[in-house]
Amino acid sequence: MPSTEENKRHIAVRFFGGAGNYTSVLERLCKYVLADSPTEAAVLEWLKSNTRATSDDGIRRRLTFLEGIGLLEHDGDSVRLTQQGMAWLSETEPAVLYELLSSNVHGFDTILEALLDGPKTDAELGDAIGSEHPTFDWNDTSGPAQHRGWLQSLGYVERSDGANWLTDSGRELARRRSSVYPNLERGERYAQTDLENAFDTSFGSYIKGISPRTDDEGDLAYIIVKAREDGPYGDELDGERFIYIGEGVPEKGDQQLTGANGALLEQADRSTVPVYFFYQPADSDDLRYEGLVDVVDAEYVSRDGRMIYQFTMERLGLEPAEFEALSESVSEGLADDEDDELPLTDDEEEFTAVQRRVRSSVFPKEVTAAYDGQCAICGKSRESPSGRIDIEAAHIYPKQANGRDNVQNGLALCRLHHWAFDTGWLAVSDDYRILVADRPDLEGYREFAALEGDSLTLPADEDRRPHATFLAAHRERHGFESP
């Protein structure tokens, strides 16, 4: 179990192999421990034989540290891996070991946050930890270097000429770890001042219906959406999926593409930030927190004689940190297959209901982004008068047949060619050329026949292009002969 704040260590202990190589030696040690369940004496001899270690006391100090962070356990004379140790060894995933370190030793998150501001020396990192934890007594000036050595070994920090800076993965982790999410309970009511304290911001005289908020760098950080019981639109809020009407006063005509409406449009295209949903009853100024929602779709439609933005939203049973972590893992998992043969369908038991919902929402956004908003067949990117791009994400092997939510099972298509692909007018060869159904007796054949043999417009990233497994299954499903 992680240490409490009171008994967390103030300083890390370096390992063998030199800064930047701790995890390499640690992995070999853990494999040895897992295979042999050795005695402590045997571990001491193994480390002396496989590293430059010579001191039994020095080795024991390092083993005690590994035990303290929950990687090893010492039962009598036997040394074994803990469950956390086996979890790390199974994939040697840096995030697993980082969690053990940061949960049991002060200062790791502080170093990451400090490096977000730019390169720092070890001494400057020590100053950052000292400022964050003024009760620490940094008598050992090598303390920050020992923290940094672990971060180097995990691939989060690089070092040159006495300066340390974050790698890309380190920067991503630092931003995630330094994020501060509001402490909100679904179903609870909050006054505006409560929400301003929770979000550490000012909303002005009142919280608007759609309130995009940016971070210190000017990037979109989150969006607050508010529905009013006595509002002008009567948003349909029942159920897991509901309709929300965009920003704009009815008396002023058609809704415009304001920054607020644009922020939700962006989330409909691709989920990037949490969207917090609140409901304001007619008899109260307080807002009831309804949890996070995903913007599933957006349309610019005519309603009561005026054009409005109509957003389809779906409730997510997730906390903000869970949403961020799950969205990242799902986005990575949507294109994680490198095998020549892929399963056509997802394992029904592999994902929770929430994971399936997030995967389903992320899939169209990842696919349209992979194709840069262009139709893979005609290469066009038509826009409505409101600026909405007419591009949809099509499953190659269909979703109704449990086709996988994998980018390699997707094509970005305009509505016409999405319909033509799903109904079997069009298919794609393994070398990405368009095939047309041989039905000259039907209306539409002449238009589609002009596409025969044309090459698809493909993603620049080869790993996100259609996989032959899905293309072949689509051709077979619609009666196309193998090319």
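For the chain, an unreviewed UniProt entry supplies the name Restriction endonuclease and the organism Natrinema pallidum.

Draft legend 1. Representation of the overall build of the chain. Of regular secondary structure, the chain possesses 16 helices and 15 strands. A separation threshold of at least 6 residues defines the contact pool for the chain, and within that pool the share at least 24 residues apart is 62%. Carbon and sulfur atoms form 43% of the exposed surface of the chain, whose accessible area is close to 24300 Å².

Draft legend 2. Spatial organisation of the pairing of strand 9 (residues 275-280). Here strand 9 lies mainly inside the structure; six of its six residues are buried. Relative to strand 10 (residues 287-303), strand 9 runs antiparallel, the two being bridged by four bridges. If you follow Phe278 over to strand 10, its bridge partner there is Tyr289. Between the antiparallel neighbours strand 9 and strand 10 lie six residues.

Draft legend 3. Molecular detail of unusual backbone geometry. Look at Ser37: it is not a glycine, yet its phi comes out positive at around 45°. Looking at the element boundaries, Ser37 is found in the loop between helix 1 (22-36) and helix 2 (40-50). Relative accessible area serves as the criterion here: at 41%, Ser37 is assigned to the partly exposed category. The backbone of Asp372 shows a phi angle near 55°, a positive value even though the residue is not glycine. By secondary structure assignment, the location of Asp372 is in the loop between helix 13 (353-370) and strand 12 (392-395). A relative accessible area of 63% means that Asp372 is categorised as exposed.

Draft legend 4. Layout of a negative patch on the surface. Together, Asp215, Asp216, Glu217 and Asp219 line one region of the surface with negative charge. One can find Asp216 in the loop between strand 6 (210-214) and strand 7 (220-228). For Asp216, a relative accessible area of 87% puts it in the exposed group.

Draft legend 5. Representation of the packing of helix 6 (residues 108-116) against helix 7 (residues 122-132). Where helix 6 contacts helix 7, the axes come no closer than 9 Å and their chain directions differ by 120°. The orientation of helix 6 relative to helix 7 falls into the category oblique. Once helix 6 is placed against helix 7, the crossing between them reads as right-handed. Residues Thr110, Ile111, Ala114 and Leu115 of helix 6 form the contact with helix 7, whose participating residues are Leu125, Ala128, Ile129 and Glu132. Per-class residue counts for the contact of helix 6 with helix 7 are six nonpolar, one polar and one charged.

Draft legend 6. Region of interest: the side chain of Arg148. Among the secondary structure elements, Arg148 is positioned in helix 8 (residues 143-153). Residues in contact with Arg148, not counting those within four places in the same chain, are Ala19, Ile111, Asp122, Val157, Arg159 and Asn164.

Draft legend 7. Molecular detail of the pattern of salt bridges. Per the counting criterion, the structure on display carries 17 salt bridges. A salt bridge links Glu27 to Lys31; the shortest N-O distance between them is 3.3 Å. Of this pair, Glu27 and Lys31 are both found in helix 1, four residues apart, which corresponds to roughly one turn of the helix. Taking relative accessible area as the criterion, Lys31 reaches 47% and is therefore assigned partly exposed. Its salt-bridge partner being Asp57, residue Arg60 comes within 3.9 Å of it at the nearest N-O pair. You can see Arg60 and its partner Asp57 sitting in helix 3 (residues 56-68), three residues apart, about one turn around the helix. Each member of the salt-bridge network shares a partner with another, and the members are Glu40, Asp57 and Arg60.

Draft legend 8. Structural view of the nonpolar core. Counting residues in each nonpolar core, the largest one holds 48 residues, and the members touching the most others are Leu26, Leu29, Leu66, Leu97 and Trp150. Among the elements that line this core, the one with the most residues is helix 1, at seven residues. When near neighbours in sequence (up to four residues on either side) are disregarded, Trp150 contacts Ala12, Val13, Arg14, Phe15, Tyr22, Leu26, Phe65, Leu66, Leu97, Leu101 and Phe108. Grouped together as the second largest cluster of nonpolar side chains are 35 residues, Ala412, Leu451, Leu456 and Phe470 included.

Draft legend 9. Local environment of the packing of aromatic side chains. For the structure shown, the criterion picks out 20 aromatic pairs. With 6.3 Å between their ring centres and 35° between their planes, Phe15 and Trp150 make a pair best called tilted. Taken together, the residues span a long stretch of sequence, with Phe15 in the segment before helix 1 and Trp150 in helix 8 at a distance of 135 residues. On the accessibility criterion, Trp150 (0% relative accessible area) is buried.

Draft legend 10. Geometry of helix 8. Along helix 8, eleven of the eleven residues are buried, which leaves the element largely enclosed by surrounding structure. By the burial criterion, the buried members of helix 8 are Gly143, Pro144, Ala145, Gln146, His147, Arg148, Gly149, Trp150, Leu151, Gln152 and Ser153. Immediately beyond the C-terminal end of helix 8, within one or two residues, lies Gly155, with a positive phi of roughly 85°.

Draft legend 11. Molecular detail of the environment of His417. Structurally, His417 can be placed in helix 14 (residues 415-423). Spatially, the C-alpha atoms of His417 and Cys378 are 8.0 Å apart, while their sequence positions differ by 39 residues. Apart from residues no more than four positions distant in its own chain, His417 is found in contact with Cys375, Ile377, Cys378, Leu426, Phe448 and Leu451.

Draft legend 12. Focus on helix 2. By the burial criterion, the buried members of helix 2 are Glu40, Val43, Leu44, Trp46 and Leu47. One side of helix 2 carries all its buried residues, which in axial view fall inside an arc of 165°. Every exposed residue of helix 2 that faces more than 90 degrees away from the buried side is listed here: Ala41 and Ser49. In this fold, the buried residues of helix 2 make contact with helix 1, helix 3, strand 1 (72-75) and strand 2 (78-81).

Calculation criteria
- Residues numbered from 1 in each chain as written.
- Predicted model: local features only at pLDDT ≥ 70, side-chain atom pairs only at ≥ 80, totals over all residues.
- Heavy atoms only, no water.
- Helix = DSSP H or I, 4+ residues; strand = E, 2+ residues; numbered from the N terminus.
- Contact = heavy atoms within 4.5 Å.
- Areas by Shrake-Rupley, 256 points an atom, 1.4 Å probe, with all protein chains shown as cover.
- Buried < 20%, exposed > 50% of the residue type's maximum accessible area, 1.4 Å probe, protein only.
- Pairing = 2+ DSSP bridges.
- Patch = residues over 30% accessible without salt bridge, like charges linked within 9 Å, V, L, I, M, F, W, Y side chains within 5 Å.
- Salt bridge = Lys/Arg side-chain N within 4 Å of Asp/Glu carboxyl O.
- Lys, Arg positive; Asp, Glu negative; His and termini not counted.
- Charge placed at Lys NZ, Arg CZ, Asp CG, Glu CD.
- Axes fitted to C-alpha atoms, helices over the stretch in contact; angles between N-to-C directions.
- Parallel < 35°, antiparallel > 145°, perpendicular 65-115°, else oblique.
- Left-handed = near helix turned anticlockwise from the far one by under 90°.
- Nonpolar A, V, L, I, M, F, W, Y, C, P; charged D, E, K, R; others polar.
- Core = buried A, V, L, I, M, F, W, Y, C linked by side-chain atoms within 4.5 Å.
- Phe/Tyr/Trp six-rings, centres within 6.5 Å; stacked < 30°, edge-to-face > 60°.
- Arc of directions from axis to C-beta.

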